[in-house]
Amino acid sequence: MYKIYLSLILACFSYAQSVNFDKILELTIKNSKDLKLQQLNIDSSKLDVKTIDSISYGKLTLSEELSRTNHSGYVFNSKLSSREASFDDFGFSQMNEGLKTEPTNLNYPNARNNFNTKLTYDIPLFTGFKLSNQKDILKLQEQANSIKYKLDEKELEFEVLKAYNSAVVAKDFIKALEKAKESVLFMKNGAIAFHKEGLVTKIDVNEAKVYESNINSQLLEAKNNFQLALSYLAFLSSDDSITDVENLENIYFKFPNEKELYEQALKNRDEVKMQDIQVNASKKNIEIAKAAYYPTIFSRLEYGYNDNTLTLSQDKDYYMAMVGITLTLFDNTRDIEKQKSRIEYAKATINQEKLKDAIKLELKKAMLTLETKEKILEEKIEAKNLANDILEQAKLQYKNQLISMTTLLQQEANFRKNEALLIEARYEKSLALASLNLVLGKNIKEEKN
């Protein structure tokens with residue numbers, strides 16, 4: 001039985017792990033299904049570019065057509081195609097019957113099989129630059145998908161940091177409440193000892209017990225919150241073995257002036273890069289609309305065999321080479337499409353400027369938020385220290401019977417409240433730093449390296 005319990009304990013420890021932020025981030029990026037889906041979009045867009053190249057190379061087709069008919073036109077055409085037509089097919093045997101005679105062999109032929117085996121090669125020679133412009137657009141789409149992957153990765157990193165720090169904060173709350181429980185237990189035991197000596201009433205003891213019960217309830221809730229936070233981390237990282245987290249994660253970087261930060265944001269933000277791609281793609285669409293005004297030149301090469309049986313005899317082979325050109329003389333929809341393309345280009349340009357303005361506002365708000373959170377954190381540190389001093393003085397006063405248990409517990413509650421506010425302030429500062437980092441278009445993982 002002892003060996004069974006030991007093996008179970010070892011199994012639990014082997015599957016449980018305490019992780020830091022770097023490990024969680026690595027697992028999440030590696031296992032993210034959303035990023036895997038976006039990678040598939042990148043792979044698909046690469047194939048779209050190859051499709052245009054394939055069209056430019058043309059299409060080679062091997063076909064076999066089998067037919068049987070007594071249609072006079074088809075029968076005569078198949079005989080000509082297989083080089084079997086004779087004067088008899090024209091009705092020359094009935095020449096003595098007069099010019100108005102309807103030749104029986106020509107008009108009422110016997111049913112005939114026809115096998116047409118052919119190899120064809122079709123290639124566009126000139127499409128008014130339509131294919132080349134479409135290829136450029138698809139390359140831009142490929143770039144956009146790659147940039148979207150980076151954007152999703154950065155947003156996922158921010159979500160991981162927020163979730164990880166939430167778990168750390170939940171853990172810190174548990175530690176704080178456990179210390180509070182120890183402190184209240186000490187107060188309760190002191191009150192019990194004083195009550196036995198007749199120095200305090202039963203009310204002091206009961207007040208301490210009530211406060212202890214409330215602390216126990218808060219501790220249960222804090223532990224539940226911690227487990228929920230760990231569950232979310234397990235969901236993000238696809239790792240169910242996570243049982244603990246380490247320290248709060250903060251991002252530290254230099255802060256130049258606001259103008260330089262704005263320039264950094266415009267340079268790094270993936271949204272700006274994607275909007276630039278949208279502008280370029282809209283410009284290319286104008287060129288595609290212009291392609292309708294150019295002639296289209298195409299070519300077709302064909303080599304095959306035609307007979308009433310399946311054959312590869314050179315006596316039955318044929319070839320055809322063709323070059324065609326089409327030019328639309330009038331189609332008013334071309335001008336409409338060109339105007340619409342220009343409108344889309346103008347809209348994309350305006351959206352580009354709107355995005356730059358929005359980033360400037362985001363940056364301002366992120367900087368102000370961080371500045372405020374830093375000041376709040378300083379105030380909360382000072383408030384906690386003062387509350388701790390007051391609590392220690394209150395303990396001495398209660399020991400000397402200068403204050404009641406109610407007053408002592410009020411000071412204990414005040415200290416715990418300030419301690420909780422300090423934990424929250426540290427968490428909010430970490431989010432403010434991460435938010436500013438995200439506004440600047442920076443990658444958390446790169447910043448750490």
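Below you will find a few notes about this structure. Predicted, not measured: the structure shown is a model, and the values here were computed from it.

### What about the packing of aromatic side chains?
Remark: the centre distance and the inter-plane angle together describe each pair of aromatic rings, the angle taken between the planes.
Thought 1: For the structure on display, the rule yields six aromatic pairs.
Thought 2: Where Phe21 meets Tyr164, the ring centres are 5.8 Å apart and the plane angle is 65°; that geometry is what we call edge-to-face. Of this pair, Phe21 sits in helix α2 (residues 21-31) while Tyr164 sits in helix α6 (residues 130-196); the two residues are 143 residues apart in sequence, bridging distant segments of the chain. Here Phe21 matches Tyr164 in class, with each residue buried.
Thought 3: Seen in terms of ring centroids, Tyr232 and Phe235 are 6.1 Å apart; in terms of plane orientation they differ by 15°. Their pairing is stacked. Residue Tyr232 and its partner Phe235 are located together in helix α7 (residues 202-237), separated by three residues, close to a single helical turn.
Thought 4: By the ring-pair criterion, three or more aromatic residues cluster together here, those being Phe126, Phe129 and Tyr294.
Thought 5: The cationic tip of Arg334 hangs over the ring face of Tyr293; the distance from NZ or CZ to the ring centre is 4.4 Å.
Thought 6: Lying across the ring of Tyr262, Lys360 places its NZ or CZ 5.0 Å from the centre.

### Notes on the side chain of Thr117
Thought 1: Mapping Thr117 onto the fold places it in strand β3 (residues 112-126).
Thought 2: Among the polar contacts listed, one links the side chain of Thr117 to the side chain of Glu64, at a separation of 2.2 Å.
Thought 3: Those residues in contact with Thr117 that lie beyond four places of it in its chain are Ser63, Glu64, Tyr303, Gly304, Tyr305 and Leu310.

### Observations concerning unusual backbone geometry
Thought 1: Even without being a glycine, Phe129 presents a positive backbone phi close to 65°.
Thought 2: Its location among the elements puts Phe129 in the loop between β3 and α6.
Thought 3: On the basis of relative accessible area, Phe129 is assigned to the partly exposed category, the value being 45%.

### Quick look at a nonpolar patch on the surface
Thought 1: A contiguous nonpolar patch, built from Phe87, Phe90, Phe92 and Met95 and spanning about 460 Å² of accessible area, is present on the exposed surface.
Thought 2: Position of Phe92 among the secondary structure elements: in the loop between α4 (72-81) and α5 (104-107).

### Thoughts on the side chain of Gln275
Thought 1: Mapped onto the fold, Gln275 is located in helix α9 (residues 270-290).
Thought 2: Owing to a relative accessible area of 15%, Gln275 belongs among the buried residues under this scheme.

### Quick notes on helix α11 (residues 405-439)
Thought 1: For α11, which comprises 35 residues, the first-to-last C-alpha distance of 51 Å matches the rise-based estimate of 51 Å (1.5 Å per residue) to within 8%.
Thought 2: Positive backbone phi, approximately 75°, marks Gly441, located one or two places after α11.

Cut-offs used in this document
Positions within a chain are numbered from 1, following the residues in the order the chain's sequence is written. Under the rules for a predicted model, residues below a pLDDT of 70 receive no local features and side-chain atom pairs below 80 are neither given nor counted, while totals for whole chains, interfaces and linings still include all residues. Think of the side-chain values as coming from all heavy atoms in the structure, minus any hydrogens and water. By convention, a stacked pair of Phe, Tyr or Trp rings (six-membered ring in the case of Trp) has centres within 6.5 Å and planes under 30 degrees apart, an edge-to-face pair has planes over 60 apart, and any other such pair is tilted. The secondary structure listing takes helices from DSSP runs of H or I that are at least 4 residues long and strands from runs of E that are at least 2 residues long, numbered from the N terminus. Burial classes follow relative accessibility: with a 1.4 Å probe on protein chains only, a residue under 20% of its type's maximum area counts as buried, one over 50% as exposed, and anything between as partly exposed. Criterion for a charge above a ring: Lys NZ or Arg CZ within 6 Å of the ring centre, and within 35 degrees of the ring normal. Polar contact is defined as a pair of N or O atoms within 3.5 Å, subject to the rule that within protein one atom must be able to donate a hydrogen and the other to accept it, and that residues adjacent in sequence are counted only when both atoms are side-chain atoms. Throughout, a contact is declared for two residues whenever any of their heavy atoms are within 4.5 Å. Without a salt bridge and with relative accessible area above 30%, a residue can belong to a patch; like charges are then joined within 9 Å and nonpolar side chains (Val, Leu, Ile, Met, Phe, Trp, Tyr) within 5 Å. Here the accessible surface of atoms and residues is derived via Shrake-Rupley with a 1.4 Å probe, and residues count as covered only by protein chains that are part of the display. The rule for a salt bridge is simple: a side-chain nitrogen of Lys or Arg has to be within 4 Å of a carboxyl oxygen of Asp or Glu. For a helix, the expected span equals 1.5 Å multiplied by the residue count minus one.

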